[in-house]
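Read off the chains here:
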Amino acid sequence: MQKHDQDFIRRKNRITVFELIKNSSPLSRAEIARLTGMSPTTVSRIVSELHSQSFMREIEQITSSVGRKAVLLQVNPRSVLSVGVEIDKSSIRIGIVDLDGKIISDKQMERAGNEDALITLERIAKGLLVLLEQEGLDKQNVVGVGVGLPGIVDYSTGTVLFSAQLGWKRTEISSVLQKLTGLEVAVDNELKVKALAEHLYGSARGSKRSVLIGFGSGVGSSLIIDGEVYRGETNSAGEIGHTVIDPNGILCECGKVGCLQTYIAEASLIEQANKVKPITTLEELFQAKNNGDFWAANILDRAMTFVAVTVSNIACMYNPDTVILSGKLVERFAEVREFIAEKCMGQFVWEPLRGTFQIVYSTLAGDGVVIGSGLLAQNLFLDIDRQLEQADHLTLNH
Ligand SMILES: [Zn+2]
């Protein structure tokens, strides 16, 4: 057996033991050996390795009526940490995320809208080190970095193919940030990581098939089936913002006419409002509607109708058990949520689908992308299939 094959098996066994303890703790060494089929010697070696790196802790528990104590093992949630990064047009947020999907500590930085990708990544690398130092943490305990951002991302190569908001095109993220930090890096679309976070630790816990729809600076969605993000051929599955709903409609930033997001996205609503009155925020638009300005009511009534239509179309397409609504338009404005509660299921959703799914609101809200990105990095660390691929790759190259 070649050395890298042995290394790989060691790593695979290590992850198997770690995942077992993570999901079924507390467990004794003997139970781990029984459940994995590994020899007690192998289990002991792996456990002491994991223990010495403080991935887990021992607890003593009385296990029998005669009061015998057993040493059981538990994963230490704070010892498996990852870094979640959210990059937006005007801000960067870096958070340290633990195994329970909690942000232990975070740091926010401003970002100029036209900032070059390399400068953004260098600032992230520096910020990350400062944050770890602040918390008295060691880079050894960080299993990787996950990055969530708006745009089309080639997840397998860690490249941003196109991001209108960040102004990046065919930009390598993973390899560059990996060099700068010395840590493994995964990058994905922000709605995909947000959906992952909501699925594991937020509003869609326990759901088998959930769809997250984001109504923010753009409109998009992300589908999770049995815990896995559905990506499509080029990781663009769910880009509903650019589905055409009116071939005679308004010109979209993408160059097409009548895209869904031209009726719902924040910038489009503000642009339309400015044909009548100069405003800069959605708050002003809602204020105008509440003051009885019929032009504002026209814009917003149409937008809310399209939100409801979108939920209905998504339900028809994917037949999910849960639809998670997120983004500024639904999170900040109660009347949008009231409209959805009143009209969506009753009027817009196709009759056979009514009552087959629940509509929930993002509970992680502003933290969702950082948490989801952190979880993405943890998944990378725990992904045996990916490590198998790497091992194959190594074999091919030797
Ligand atoms: Zn478009």
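As recorded in an unreviewed UniProt entry, the protein goes by the name Xylose-responsive transcription regulator, listed as coming from Paenibacillus pini JCM 16418. What UniProt records for the protein under Sequence similarities (unreviewed entry) is the sentence "Belongs to the ROK (NagC/XylR) family."

Asker: Honestly, the pairing of strand β3 (residues 81-87) in this entry has me stumped. Any pointers?
Answerer: Counting buried positions along β3 gives 7 out of 7 residues, so the element sits mostly inside the fold. Of the two faces of β3, both are covered, the one formed by Leu-81, Val-83, Val-85 and Ile-87 as well as the one formed by Ser-82, Gly-84 and Glu-86. In this sheet, strand β6 (residues 142-149) lies alongside β3 in parallel orientation, the contact comprising 5 bridges. Across the sheet, residue Val-85 finds its bridge partner in β6, namely Val-147. When β3 meets strand β4 (residues 91-97), the two strands line up antiparallel, connected through 6 bridges. When the sheet's bridge partners are listed, Glu-86 is paired in β4 with Arg-93.

Asker: Explain the domain arrangement of the protein here, please?
Answerer: Accessible area lost during the coming together of the parts is what is often quoted as the interface size. The assigned domain composition of the protein is domain 1 (3-75), domain 2 (81-194 + 370-397) and domain 3 (205-362). A separation of 27 Å is found between the C-alpha centroids of domain 2 and domain 3. With 12 residues of domain 2 in contact, the opposing surface of domain 3 contributes 20 residues. Interface of domain 2 and domain 3: buried area, both sides summed, is about 1100 Å²; carbon and sulfur atoms make up 50% of it. On the domain 2 side of the interface with domain 3, the three residues burying the most area are Leu-191, Lys-192 and Lys-194, jointly 56% of the side's total. For the interface between domain 2 and domain 3, the tally reads 2 salt bridges. Lys-194 is paired through a salt bridge with Glu-331; the nearest N and O atoms lie 3.9 Å apart. Across the domain 2-domain 3 interface, the total number found is 6 residue pairs in polar contact (both at pLDDT 80 or more). Partitioned by chemical class, the residues of the side of domain 2 that touches domain 3 number 6 nonpolar, 3 polar and 3 charged.

Asker: In this structure, what is going on with helix α12 (residues 334-348)? I would like to understand it.
Answerer: Every α-helical turn comprises 3.6 residues, leaving residues that sit three or four positions apart pointing alike. The largest bend in α12 is about 30°, located at Ile-340. Close packing links the buried residues of α12 with α9 (282-290), α10 (294-318), β14 (322-326), α11 (328-331) and β15 (358-361).

Asker: Looking at this model, I keep getting lost on the nonpolar core. Mind explaining?
Answerer: Grouped burial of nonpolar side chains is what soluble globular proteins tend to show. The biggest cluster of nonpolar side chains holds 40 residues, and the ones touching the most others in it are Ile-213, Phe-215, Ile-264, Leu-285 and Leu-329. Broken down by element, this core gets its largest block of residues, 12 residues, from α10. Contact partners of Phe-215, with chain neighbours within four places excluded, come to Ile-264, Val-307, Thr-310, Leu-325, Ser-326, Gly-327, Lys-328, Leu-329 and Val-330. In this structure, Ile-94, Met-109, Leu-149 and Val-187 belong to the second largest nonpolar core, which totals 28 residues.

About the thresholds
Residues numbered from 1 in each chain as written. Predicted model: local features only at pLDDT ≥ 70, side-chain atom pairs only at ≥ 80, totals over all residues. Heavy atoms only, no water. UniProt positions renumbered as here; feature names shortened; annotations may be inferred. Buried < 20%, exposed > 50% of the residue type's maximum accessible area, 1.4 Å probe, protein only. Helix = DSSP H or I, 4+ residues; strand = E, 2+ residues; numbered from the N terminus. Pairing = 2+ DSSP bridges. Domains from an automatic or database assignment. Contact = heavy atoms within 4.5 Å. Buried area = accessible area lost by both parts, 1.4 Å probe. Salt bridge = Lys/Arg side-chain N within 4 Å of Asp/Glu carboxyl O. Polar contact = N/O pair within 3.5 Å; in protein donor to acceptor, adjacent residues only side chain to side chain. Nonpolar A, V, L, I, M, F, W, Y, C, P; charged D, E, K, R; others polar. Bend = angle between axes of the 7 residues up to and from the residue. Core = buried A, V, L, I, M, F, W, Y, C linked by side-chain atoms within 4.5 Å.

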